[in-house]
Amino acid sequence: AFCAHKNRVMQKLKKRFCLLLIILSFSSLCFTQNSVVDSLKNEVLEARIDTSRINVLIKLLYEFYYQNEYDSVIHYSGRTLNLSKEKKYYTGIVESLYLLGNSYHKKSFYELSLTYYEDALGLAEEADDKSMKIRLLNSMAIVYDEKADYGESLKYFVKALEINEEIGDDYSTIMLLNNIGSSYIAMEEFTLAAEYLNRCLEISKELEYTPGITIYY
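A few points on the structure. (Residues numbered from 1 in each chain as written. Predicted model: local features only at pLDDT ≥ 70, side-chain atom pairs only at ≥ 80, totals over all residues. Heavy atoms only, no water.)

As for helix H6 (residues 130-146)
Between its terminal C-alpha atoms H6 stretches 24 Å, which fits the 24 Å expected from 17 residues at 1.5 Å a residue. Inspection of H6 places Met132, Lys133, Ile134, Leu136, Leu137, Asn138, Ser139, Met140, Ala141, Val143 and Tyr144 among the buried residues, and these make up the whole buried set. Buried residues in H6 make contact with helix H4 (90-106), helix H5 (110-127), helix H7 (150-167) and helix H8 (170-186). Positioned one or two residues after H6, Ala148 has a phi angle of 65°, which is positive. (Helix = DSSP H or I, 4+ residues; strand = E, 2+ residues; numbered from the N terminus. Expected span 1.5 Å × (residues − 1). Buried < 20%, exposed > 50% of the residue type's maximum accessible area, 1.4 Å probe, protein only. Contact = heavy atoms within 4.5 Å.)

Dropping the structure here:
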């Protein structure tokens, strides 16, 4: 009886210890994230009011985005966008619009999200910024996918893949082939889905890209 009681006590202590570790780890992560944000905010204040400040603001926007602080992204994107327009700074404008689109997408404001993506896409096309066009087209396709408009989603994924073939980014190819295959599955076009997913798997094996391989096993 004593041994059984001792085991129960030990189990309770282990559970409490594990919970304490989780709490401490989470607290440490939050502290680190907040420290990064605070540091970037200070950099914004210290930076000259030119592209230097805009570049720091973009870093801050991404930090908020990765922390799922979408309202903060939206708030600071407005400031970044206005300053970028004032300085006629393409990168600042297009990144602000892209992150506004992403944030409204995450908040399920799909039409508003698409509006910002379309504005950014127009600028990326003018600048012939292929990498940004791929990012935007893929993001727009995902919005349509979540709206269950698979035909429209597929159109944007395919367009992104065509542009990507011009720059030869194998990892983006893997992502886009997988997304196209998933769209065909949703449309119950299983033969076409298998074609794209097999291509995705083959390239993943050639590159020894584990995430692209394990997803199919």
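Some points on a negative patch on the surface
A surface patch of like charges, here negative, comprises Asp169, Asp170, Glu202 and Glu206. Overall, Asp169 belongs to the partly exposed group, its relative accessible area being 30%. (Patch = residues over 30% accessible without salt bridge, like charges linked within 9 Å, V, L, I, M, F, W, Y side chains within 5 Å. Areas by Shrake-Rupley, 256 points an atom, 1.4 Å probe, with all protein chains shown as cover. Salt bridge = Lys/Arg side-chain N within 4 Å of Asp/Glu carboxyl O. Lys, Arg positive; Asp, Glu negative; His and termini not counted. Charge placed at Lys NZ, Arg CZ, Asp CG, Glu CD.)

A few points about the packing of H6 against H7
For the pair H6 and H7, the least separation of the axes is 8 Å and the interaxial angle reads 160°. In terms of orientation, H6 lies roughly antiparallel with respect to H7. Here H6 and H7 pass one another in a crossing that is left-handed. Residues Lys130, Ser131, Lys133, Ile134, Leu137, Asn138, Met140, Ala141, Ile142, Tyr144 and Asp145 of H6 touch H7, and the partners they reach there are Tyr150, Glu152, Ser153, Tyr156, Phe157, Lys159, Ala160, Ile163, Asn164, Glu166 and Ile167. (Axes fitted to C-alpha atoms, helices over the stretch in contact; angles between N-to-C directions. Parallel < 35°, antiparallel > 145°, perpendicular 65-115°, else oblique. Left-handed = near helix turned anticlockwise from the far one by under 90°.)

Concerning the nonpolar core
In this structure, Leu60, Tyr98, Leu99, Tyr117, Leu136 and Ile180 are the most contacted members of the largest nonpolar core, which totals 54 residues. The biggest single contributor to this core is helix H2 (residues 51-66), with nine residues. The residues touching Tyr98, leaving out its near neighbours within four places in the chain, are Tyr62, Tyr117, Ala120, Met132, Arg135, Leu136 and Ser139. (Core = buried A, V, L, I, M, F, W, Y, C linked by side-chain atoms within 4.5 Å.)

Some remarks on the packing of H6 against H8
Packing of H6 against H8 brings their axes to within 12 Å, and their N-to-C directions diverge by 20°. When the axes of H6 and H8 are compared, the pair comes out roughly parallel. Crossing angle aside, the handedness with which H6 passes H8 is left-handed. For the pair formed by H6 and H8, the contact residues are Ile134, Asn138 and Asp145 on the first element and Met175, Leu176, Asn179 and Ser183 on the second.

What about unusual backbone geometry?
Backbone geometry at Lys88 places phi at a positive 55°, although glycine is not the residue there. Mapped onto the elements, Lys88 comes out in the loop between helix H3 (70-87) and H4.

A word on the environment of Gly122
Mapped onto the elements, Gly122 comes out in helix H5. Spatially, the C-alpha atoms of Gly122 and Val94 are 9.4 Å apart, while their sequence positions differ by 28 residues.

A word on the pattern of salt bridges
Applying the stated criterion across every chain, the model contains seven salt bridges. Ionic pairing is found between Lys107 and Asp71, a salt bridge with its closest N-O pair at 2.9 Å. On the criterion of sequence distance, the pair formed by Lys107 in the loop between H4 and H5 and Asp71 in helix H3 is long-range, its members being 36 residues apart.

Topic: the packing of aromatic side chains
What the rule picks out here adds up to 10 aromatic pairs. Residues Tyr65 and Tyr66 carry aromatic rings whose centres are separated by 6.2 Å and whose planes lie at 65° to one another, so their mutual orientation is edge-to-face. Look at Tyr65 and you get buried, because its relative accessible area is 15%. Exposure remark for Tyr66: the relative accessible area of 59% places this residue in the exposed category. (Phe/Tyr/Trp six-rings, centres within 6.5 Å; stacked < 30°, edge-to-face > 60°.)

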